[in-house]
Amino acid sequence: MMLIRILRGLRARDDERGVALAAVIGLGAVLMIVLSLVVATATSGATKATTDTNYNKAIAAAYAGLSDYQGRLAADNAYVNYGVRTAFSATSTFTADSTNKAFGVATNGTWASVVGSTDQFYRYEVDNSDYATTGKVRLRVTGKAGSTTRTIVVDLRGDGFVNYLYFTNYESQDPSLTGAGCTSNHRNDSDWTSSSCEAVTFASGDTLDGPVRTNDVITACGATFNSTVQDTGPADFFYTSKATSVDSACRSSTTFKGGKISTVGTLPMPSTNANMKQEARTDITDKVAKPGCIYTGPTSITFLAGGKMRVVSPWTLKTQLQGTASGAITGGTENSALCGSVADLHGSGAVIPTLPSNLVYVQSVPSTVGDPNYWASSATPSGTVNGTVTSGSPVYCQQNVQTTTTTYDGRGRPVTTTSSSSDYGNGLGYPLTSEFTGTRGDAGYYGCRSGDAFVSGSFGGQMTLAAENFLYVTGNIIYQNGRTSDDMLGLVGQKAVSVYNPVSCSSYSNTSKTACNTGSTSYSSNLAATKNIEIDAAVASNLGTFNVQNYQYGSNLGTLTIYGSIAQQFRGAVRSQYTNGLLTAYAKAYGYDTRLKTSAPPKFLQPVSTTYGVTTETESATAFRADGTPTGK
């Protein structure tokens, strides 16, 4: 019995040791599992932290690439033409830039390094297919950090003239048109003197319903600005033409609903619009993918219903051009389908659709032998007046004749009467009989070989019309499909865009016959008065002005309504007041076409240099893997 008890005790102790061993082994296993979980969690956290860092660095790298491209555009507007074609930019036309690694190639491309970083890179793709028509560049930028890539797509648009309802380089008038013996200076220039041209004042009754900007200094007294106003400073405005201090009454009577005037830098005007001429070239497809039309000499364009126009252009021989690398024009073609046949242009007019998202340019008659539109100095087209071919001698290039007649009254005192007859013509019926053109005559207005355009009508489509000389608005220009439609027109006159207002004079203010006598309304009268003119267009004059022809003569013509934008080298006048208080020409009613914030007429006038801002932005599916290969998305 004793032996049995001893054996049983030993077995119990062994069982307890077995249980303890099992417990130890189980606890160790649990501890190992916990430790593994801790290690795994720590490792996972480190990996996630690295991934999160790369994720954030990749998008930062994409924005660095965006800034790089914006900087290149600001330094050179033409950089929009550089790139490499990919699926994103399949319809774009490019010039290569092998020095920019950000362009890479379509597959397995290179990456550009973010400045100041050793582990962040970017590359971008450019879609410039809409730049010529809207001024918009679409950019797809991919940033890389480690093996992580992220992509953004943005639309860029330059700070152009159409961003403003009203833009000027000088707030004074063009002395070459006014005949004033003054010097054009900005009011804040150090060389401003008493001989500098006087600024035009925004006065009581003037309402500008859109953003206003000038490279000069705003002069205002009683006007209303419904949006932002920007100039180059000082911080306040001059209240009269020669004053150099602020008048409190003028300041208090002027309303700035968009806030105080802000100070900005200049937006440079181009010195010529001749670059628009190349848009009719058919031999430079890398620059001009879709050529427009060129017309030569005085040209009449009347917009018609159904998105059509009638073009009369007696001097035109070729409507599209070819040239050399230096820019010399050596050949041309007659594109009858797009621009109208030469026979019709010389006759009653070619009726054609308005150019689809393209440009019409009216040039002066070339004097270079070999140019396809060259005419010898002694040659003229057959006689044409208002588009109707007439028989007999040509009616071009003769001189304006002004006759002075002296009679005597009953007391034997001389009475001098001056009359004007228009014995020269430009082939389109200008000038009118007895129309006053001053002493400039053919040299200034209605030159028989000048690149002048005469425009009016109901416009439908998207087009820009540019003239090398003057562009005259001879009647209403209204969007035929309404202001919210796709209709969009650009009007560019290098010397001026002028609202047509021919006048006759019964007396002159001096013997040189430079101006009608303005002492009374009886001295001048409107020959073709058009009251309450409306112009739906973006308007620009890179060397001149937007004004009303003979604005200081004749009668009150009501209101000039602008729906679009106005950009000009010099401030233009549209109204004056006689000494007896009667008003001439038009009151202003200028409204901004807000569509111009994101779009523009095709191939419209651009600043010499500008900054490019983002109009839309989104993050898209990643375009490239870290090795540079496309994802196919």
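Just so you know, these numbers come straight off a predicted model, no measurement behind them.

### Section: the overall build of the protein
- For the protein, the count of helices and strands is seven helices and 35 strands.
- By sequence separation, contacts in the protein at least 24 residues apart represent 67% of the contacts at least 6 residues apart.
- Of the accessible surface of the protein, which amounts to about 27400 Å², a share of 54% is contributed by carbon and sulfur atoms.

### Notes on the sheet that holds strand β2 (residues 120-127)
- Reading across from one edge, β1-β2-β3-β4-β35 is the order of the five strands in this open sheet, with antiparallel pairing throughout. Strands at the two margins of the open sheet, each flanked by one partner only, are β1 (112-113) and β35 (612-620).
- Note that strand β4 (residues 148-158) and β35 share eight bridges and pair antiparallel. What sits directly across from V153, in β35, is T618.

### Details of the pairing of strand β14 (residues 293-296)
- The side-chain alternation of β14 yields two buried faces, one formed by C293 and Y295 and the other by I294 and T296.
- In this structure, β14 lies alongside strand β20 (residues 358-363), joined through four bridges in parallel fashion. In the sheet register, I294 faces β20, and the bridge partner there is Y361.

### Some thoughts on the state of the cysteines
- Summed over the entire model, instances satisfying the criterion amount to three disulfides.
- The disulfide that involves C182 links it to C197, with 2.0 Å between the sulfurs. Between C182 and C197 the disulfide shows an S-S torsion of about 90°. By sign, it is right-handed. Taken together, the residues span a long stretch of sequence, with C182 in the loop between α3 (175-178) and β6 (202-203) and C197 in the loop between α3 and β6 at a distance of 15 residues.
- Note on C182: relative accessible area 24%, which makes it partly exposed.

### Description of the nonpolar core
- L491, I535, F546 and L560 are the most contacted members of the largest nonpolar core, which has 79 residues in total.
- Counting residues in each nonpolar core, the second largest holds 24 residues, with Y79, A102, L139 and Y612 among its members.

### Some words on the packing of aromatic side chains
- One pass over the structure, following the stated rule, counts 23 aromatic pairs.
- Taking 6.0 Å as the distance between ring centres and 20° as the angle between the ring planes, the aromatic pair formed by Y79 and F103 counts as stacked. Of this pair, Y79 sits in the loop between α1 (2-75) and β1 while F103 sits in the loop between α1 and β1, and the two are 24 residues apart along the sequence. Each member of the pair, Y79 as well as F103, is classed as buried.

### A closer look at unusual backbone geometry
- Backbone torsion omega between G233 and P234 reads 10°, so that peptide bond is classified as cis.
- With respect to the helices, strands and loops of the structure, P234 is situated in the loop between β11 (229-231) and α4 (248-253).
- Across the junction of Y430 and P431, the peptide omega takes the value 0°, indicating a cis bond.
- With respect to the helices and strands, the residue P431 is situated in the loop between β24 (414-421) and α7 (441-444).
- Residue N532 is not a glycine yet carries a positive backbone phi of 55°.
- Mapped onto the secondary structure, N532 falls in the loop between β31 (524-526) and β32 (534-548).
- Judged by relative accessible area, N532 falls into the partly exposed class, the value being 46%.
- Here K603, not a glycine, exhibits a phi torsion of approximately 55°, which is positive.
- Within the secondary structure layout, K603 lies in the loop between β34 (585-592) and β35.

### Concerning the side chain of R281
- Checked against the element boundaries, R281 lands in the loop between β13 (262-263) and β14.
- Residue classification places R281 among the buried residues on the basis of a relative accessible area of 6%.
- One polar contact links R281 to D283, side chain to side chain, over a distance of 2.8 Å.

### What to know about the pattern of salt bridges
- Applying the stated criterion across every chain yields a total of twelve salt bridges.
- D68 is the partner of R72 in a salt bridge, and the nearest nitrogen-oxygen pair spans 3.0 Å. Taken together, the residues R72 and D68, both in helix α1 and four residues apart, mark about one turn of the helix.
- Between E279 and K603 there is a salt bridge whose closest N-O contact spans 2.9 Å. Here the residue E279 occupies a position in the loop between β13 and β14, and K603 occupies one in the loop between β34 and β35, the gap between them amounting to 324 residues.

### Some remarks on the environment of N81
- Here N81 shows up in the loop between α1 and β1.
- C-alpha separation for the pair N81 and S92, spaced eleven residues apart in sequence, amounts to 8.7 Å.
- The residues contacting N81, other than those within four sequence positions of it, are T93, F94, T95 and N128.

### A word on the environment of P502
- Relative to the helices and strands, P502 resides in the loop between β29 (496-499) and β30 (503-505).
- A C-alpha to C-alpha distance of 8.2 Å links P502 and P431, two positions 71 residues apart in sequence.
- When sequence neighbours within four positions are dropped, the list of residues in contact with P502 reads L432, E435, S525, N526, L527, A528, Q549 and N550.

### Considerations on the pairing of strand β3 (residues 136-145)
- Extensive coverage of β3 is indicated by the burial of eight of its ten residues.
- The pairing of β2 with β3 spans eight bridges and is antiparallel. The partner of E125 across the bridge, within β3, is R140.
- Sheet analysis places β3 next to β4, joined by ten bridges and oriented antiparallel. Its bridge partner lying in β4, T142 is registered against T151.
- In this structure, the hairpin formed by β3 and β4 is closed by a connection of two residues, where G146 is found at a positive phi of approximately 60°.

### A short note on the side chain of N358
- For N358, the position within the fold is in strand β20.
- By relative accessible area, N358 is classed as buried at 2%.
- Polar side-chain contacts of N358 include one of 2.8 Å to the side chain of K603.
- When near neighbours in sequence (up to four residues on either side) are disregarded, N358 contacts K290, P291, G292, Q462, M463, T464, P602 and K603.

### Things to note about the confidence of the model for the protein
- On average, residues of the protein carry a pLDDT of 82, and 80% of them reach 70 or more.
- In the model of the protein, α7 stands out as the element of lowest mean pLDDT, 51, in contrast to β14, which has the highest, 98.
- Here residues 38-46 scores under 50 on pLDDT; set against residues more than four positions off or in separate chains, the count is zero contacts.

Basis of the calculations
- Residues numbered from 1 in each chain as written.
- Predicted model: local features only at pLDDT ≥ 70, side-chain atom pairs only at ≥ 80, totals over all residues.
- Heavy atoms only, no water.
- Helix = DSSP H or I, 4+ residues; strand = E, 2+ residues; numbered from the N terminus.
- Contact = heavy atoms within 4.5 Å.
- Areas by Shrake-Rupley, 256 points an atom, 1.4 Å probe, with all protein chains shown as cover.
- Pairing = 2+ DSSP bridges.
- Buried < 20%, exposed > 50% of the residue type's maximum accessible area, 1.4 Å probe, protein only.
- Disulfide = S-S within 2.5 Å.
- Core = buried A, V, L, I, M, F, W, Y, C linked by side-chain atoms within 4.5 Å.
- Phe/Tyr/Trp six-rings, centres within 6.5 Å; stacked < 30°, edge-to-face > 60°.
- Polar contact = N/O pair within 3.5 Å; in protein donor to acceptor, adjacent residues only side chain to side chain.
- Salt bridge = Lys/Arg side-chain N within 4 Å of Asp/Glu carboxyl O.
- pLDDT = per-residue confidence, 0-100.

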